[in-house]
Amino acid sequence: MAKARVTMEVGSDGVALITISNPPVNSLAIAIFVGLKDKYDEAMRRNDVKAIVLTGEGGRLSGGFDINVFEKIQKTGDLKMLPDISVDLFVNRIEDGKKPSVAAIEGLALGGGLELALSCHARIATPKAQLGLPELTLGVIPNAGGTQRLPRLIGLQKAIEMMLLSKSITSEEGYKLGLVDAVVSPVELLKVARLWALDIVDGRKPWTRSLHKSDKLGPLSEAQHILKLSRQEARQTARNMPQHQACLDAIETGIFRGGYEGVLKEAVFEGLVLSDTSRGLVHVFFSQRMTSKVPDVSDIGLKPRPMKKVAVIGGGLMGSGIATALILSNIQVVLKEINSEFLLKGQKSIEGNIRGLVTKGKLTEEKAEKALSMMKGALYYSEFGEVDMVIEAVVENVPLKQSIFSDMEKVCPPDCIFATNTSTIDINIIGQRTTSQDRIVGAHFFSPAHVMPLLEIVRTDETSAQVILDLITVGKMIKKVPIVVGNCTGFAVNGTFFPYAQSAHLLVNLGVDVFRIDRVIRDFGLPIGPFQLQDLSGYGVAVATSEEFAGAFKDRTFLSPLLKLMIKSGRNGKANGKGYYIYEKGSKPKPDPSVLPIIEESRRLTNIMPGGKPLSVSDEEILEMILFPVVNEGCRVMEDGIVIRASDLDIASVLGMSFPSYRGGIVFWADTVGPSHMYKSLMKWSSLYGDFFKPSRFLEERATKGIPLSAPILSSASASRSRL
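Reference entry: report on the structure contained in this document. Everything numeric in this text was worked out from a predicted model, so none of it was measured.

Cut-offs applied
Residues numbered from 1 in each chain as written. Predicted model: local features only at pLDDT ≥ 70, side-chain atom pairs only at ≥ 80, totals over all residues. Heavy atoms only, no water. Axes fitted to C-alpha atoms, helices over the stretch in contact; angles between N-to-C directions. Helix = DSSP H or I, 4+ residues; strand = E, 2+ residues; numbered from the N terminus. Parallel < 35°, antiparallel > 145°, perpendicular 65-115°, else oblique. Left-handed = near helix turned anticlockwise from the far one by under 90°. Contact = heavy atoms within 4.5 Å. Nonpolar A, V, L, I, M, F, W, Y, C, P; charged D, E, K, R; others polar. Pairing = 2+ DSSP bridges. Buried < 20%, exposed > 50% of the residue type's maximum accessible area, 1.4 Å probe, protein only. Patch = residues over 30% accessible without salt bridge, like charges linked within 9 Å, V, L, I, M, F, W, Y side chains within 5 Å. Areas by Shrake-Rupley, 256 points an atom, 1.4 Å probe, with all protein chains shown as cover. Salt bridge = Lys/Arg side-chain N within 4 Å of Asp/Glu carboxyl O. Lys, Arg positive; Asp, Glu negative; His and termini not counted. Charge placed at Lys NZ, Arg CZ, Asp CG, Glu CD.

**Focus on the packing of helix α15 (residues 340-359) against helix α16 (residues 365-373)**
So, point 1. Remark: α15 packs on α16, axes separated minimally by 9 Å, with the N-to-C direction vectors making an angle of 165°. In terms of orientation, α15 lies roughly antiparallel with respect to α16. Crossing geometry of α15 relative to α16 is assigned as right-handed. The residues of α16 that touch α15, namely those facing I350, E351, I354, R355 and V358, are E365, A368, E369, A371 and L372.
So, point 2. Taken together, the residues of the contact of α15 with α16 sort by class into six nonpolar, no polar and four charged.

Shown next as structure tokens:
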């Protein structure tokens, strides 16, 4: 691994070129800050140095502060690891230094990298360079003057948007806003930056100390109004996340008490970095980067094979979404359907997906046309002669899927991958009629497939390491986060979360209000509650999956009659505008009071209310009675080796079930709450309401021994049971 270092070269023109080097993104490690202080001190001392150009090696200025330090601080609680650079380096040495500095930005300047550039007196960038302050995604705020300098350079409204939404901009947009002084080609970057620095020395260019600027901030009354609206919006969109209000506090301090006071206010960073929110977000950051590290797959020297052409069987909701994701990443797609009518419908769905992205400004017309040209329709398997992979995405019908796999084997190349998008069916059963067991794999996308970021790669005992690696590579190509999981009912995500809806239904049949349950779950941080989720996914799907799990796990399922009663009454959720909520075009879903008699009928049929009276519970108990069974099932998933590591289940919960990322994922959150508390609660509820709540052996063992749920499984017995 290359050593982090800072170098300085003084040219005959009197310009010192200070270069940051810490591959791959020149992250600002402690050694980099030490090096910058040393080089700046030397440059200020030397009589042959007139000005400074600050740049980064390898086509990047800097990707920001070294996040590994965050993780170490959170593990040790030692804040002394945080470098003292905001005033000492960025203000005293760079911005208020006696010699001007110009930042030469190529590739990217993010987080502390952009803050470093902001403290310089001018910024020259190459085309398409990424500029942003994404610190809030890690639960902290910019803490090297970013909350002060950015508003002073581009205006308050745009600066707040960039920081609170962690939204980066290109150098071209930065030029228009006043963040960048010039955009030049990479070849000219250093030459222009050097001349600009000398022009500042000679008075031909302004010596701009951005911390002292105020012309872009506008009148105080206007700033106050913008801040007030921003606070209101943050309370709605970023509930339970303190960093948004802290960021606005720092900005407000700077506006009303001066930039230097605002810089000092950024010290709240120290409290934020140790908060549960930051711990959760940093955990998710690192965990997401671990998912593609698969033992005996990614570490044995295999190289991924090119995947240029993929066939998708089935043009319904899932098939058209998968095909959309593939063609957007320049992978040719053959879409197969059983007749011309269905094929045309599937192609129109794909075109609708693409056009929708153009309408939203996420795709240019030119790229849309190119993507659509990558798609070809087919009615026969004869078109499959040169495909590298087939993804089957038809309805959940075992004989149909088996027949398709048998047909594929007859016509596809001998090394073609056979993937199924099933969400629950055992992969071994689907591939029973083929002899190519090593090529069969699950590719479980989440709906809508071209939007949702998770891809569950389901391996069987026979699936080859090469096939797994190839699918991981395709997942990354189409901008998905791939997680390799074992083969079982529901795999990792659905296998863990099947109790989620069932415990919600159990509570309703115990007398708890449907809409209160949804509100509690939303307040916790999920975008919608379990009943609104069923409205969106459709009751037919919910009934089928609940019956599938009831068959697999008879000892720990709760089958509520409520969904079938809803269907019987003519309701099917959002699909027909009538569910637990009323759905009308142009308005938000509203709770439907007419559903209450149906709920009462369900309660009458189950007859489980204690003493015939509704259960009295707090909001906290509702949350725990819904999520603790999910954690309990996640424990079984981990014990059975369905996931490689606990953090994979965290990422699966965040990306597959929209579990709030700032809570770190389902296992991380469970460890925060405490396995002992969960075990005792489940024991109590199982004695009152039955085996649905019975603690798993894994949870019991961890709770009684005081071991975190996320700790690796070391026993040989568990290893031998592993589905991986």
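**Looking at the sheet that holds strand β1 (residues 5-10)**
Adjacent strands of a sheet pair through backbone hydrogen bonds, lying either parallel or antiparallel.
So, point 1. Pairing in this open sheet of six strands is mixed, and the strands run β1-β2-β3-β4-β6-β9 from one edge to the other. Among the strands making up the open sheet, the edge pair consists of β1 and β9 (182-183).
So, point 2. Across six bridges, strand β2 (residues 15-21) lies against strand β3 (residues 51-56) in parallel orientation. What sits directly across from T19, in β3, is T55.

**Some points on unusual backbone geometry**
Glycine aside, a negative phi is what most residues show, and trans is what most peptide bonds show.
So, point 1. Of note, the amide linkage connecting P23 to P24 takes the cis form, showing an omega dihedral of 5°.
So, point 2. Tracing the backbone through its elements, the reader meets P24 in the loop between β2 and α1 (30-45).
So, point 3. S447 connects to P448 through a cis peptide bond whose omega is -10°.
So, point 4. With respect to the element layout, P448 can be found in the loop between β15 (440-445) and β16 (454-459).
So, point 5. Backbone geometry at S166 places phi at a positive 50°, although glycine is not the residue there.
So, point 6. With phi around 60°, S658 is a residue other than glycine that occupies positive phi space.
So, point 7. Of note, S658 is situated in the loop between α27 (646-657) and α28 (666-673).
So, point 8. By relative accessible area, S658 is classed as partly exposed at 28%.

**Section: the pairing of strand β6 (residues 122-125)**
So, point 1. What you see with β6 is no split at all: A122 and I124 on one side and R123 and A125 on the other are buried throughout.
So, point 2. One ladder, built from four bridges, connects strand β4 (residues 101-105) with β6; its direction is parallel. Paired with A104 across the bridge in β6 is I124.
So, point 3. Where β6 and β9 come together, two bridges link them in parallel fashion. Note on β9: the bridge partner recorded for A125 is V183.

**Observations concerning a positive patch on the surface**
So, point 1. Taken together, K128, K367, K370 and K479 make up a surface patch of like positive charges.
So, point 2. Relative to the elements of secondary structure, K370 occurs in helix α16.
So, point 3. K370 sits in the partly exposed class, given a relative accessible area of 47%.

**Points about the pattern of salt bridges**
So, point 1. Across all of its chains, the model carries 40 salt bridges by this definition.
So, point 2. Close ionic contact of R149 with E95 constitutes a salt bridge, the shortest N to O distance being 2.9 Å. You can see R149 sitting in helix α5 (residues 146-154) and its partner E95 sitting in helix α3 (residues 86-95), a full 54 residues away along the chain. Both residues of the pair, R149 and E95, belong to the buried class.
So, point 3. D523 is paired through a salt bridge with R519; the nearest N and O atoms lie 3.1 Å apart. Remark: R519 and D523 occur in helix α21 (residues 514-524); sequence separation between them is four residues, near one turn of the helix.

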